Amino acid sequence: MNKKSGFTILEIIIVAVFASLLLILFFVQKSNLDAMERDDKQKTAINAMYYALEEGFYQQNGYYPETISEENLPIIDPALWTDPFGLNLGDSMSSYTYIPANCSEGKCKEYLLKADLEKEDDYIKHSRTHN
């Protein structure tokens, strides 16, 4: 009997399908981990803005600003103003939002900070004086 060595087409197809499934699983999981990492960075940025507003700006001035930026919150790392997609707070499609409330002559009594997250609900911080 003449025996040939090597793999059958069926064996090669099974290995290829298994390898493909592993690659798909890897890339899906990597995508989820990347999104979770972006969410964590956004929460860090919102927390930095929140504490800069509460412990810095409000403590010194007794009110919140109508807009926030590097100019009135210089203690924040400049990289935190840019969301994971390269947009700055205030840009039209930015995932960061600052909404002042009860404002008069540029002085506000409260605000809302928000980050639009990918894998979780929106991350929201209200001013401490929020009712």
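### Observations regarding the pairing of strand 3 (residues 107-115)
Where strand 1 (residues 64-65) and strand 3 come together, two bridges link them in antiparallel fashion. The partner of Tyr64 across the bridge, within strand 3, is Cys108. Where strand 2 (residues 96-104) lies against strand 3, eight bridges are found, and the strand directions are antiparallel. Each residue of the ladder has a partner; that of Tyr96, found in strand 3, is Ala115. Between the end of strand 2 and the start of strand 3, which pair antiparallel, lie two residues, with Glu105 showing a positive phi angle near 55°. Pairing analysis gives four bridges linking strand 3 to strand 4 (residues 123-126), with the strands arranged antiparallel. Considered in strand 4, the bridge of Leu112 is made with His126.

### A look at the packing of aromatic side chains
Here the structure, examined in full by the defined rule, presents six aromatic pairs. A centroid spacing of 5.1 Å and a plane angle of 75° characterise the contact between Phe26 and Phe27, whose relative ring orientation is edge-to-face. Ring centres of Tyr50 and Tyr51 lie 5.0 Å apart, and the angle between their planes is 80°; on these two criteria the pair is classed as edge-to-face. The buried category is assigned to Tyr50, whose relative accessible area is 9%. Judged by relative accessible area, Tyr51 falls into the partly exposed class, the value being 42%. Here the aromatic residues Tyr58, Tyr64, Tyr98 and Tyr111 are joined through ring pairs into a cluster of three or more. A cation over a ring is seen here: Lys125 above Tyr50, with NZ or CZ 4.7 Å from the ring centre.

Definitions and cut-offs
- Residues numbered from 1 in each chain as written.
- Predicted model: local features only at pLDDT ≥ 70, side-chain atom pairs only at ≥ 80, totals over all residues.
- Heavy atoms only, no water.
- Pairing = 2+ DSSP bridges.
- Helix = DSSP H or I, 4+ residues; strand = E, 2+ residues; numbered from the N terminus.
- Phe/Tyr/Trp six-rings, centres within 6.5 Å; stacked < 30°, edge-to-face > 60°.
- Buried < 20%, exposed > 50% of the residue type's maximum accessible area, 1.4 Å probe, protein only.
- Lys NZ or Arg CZ within 6 Å of the ring centre and 35° of its normal.

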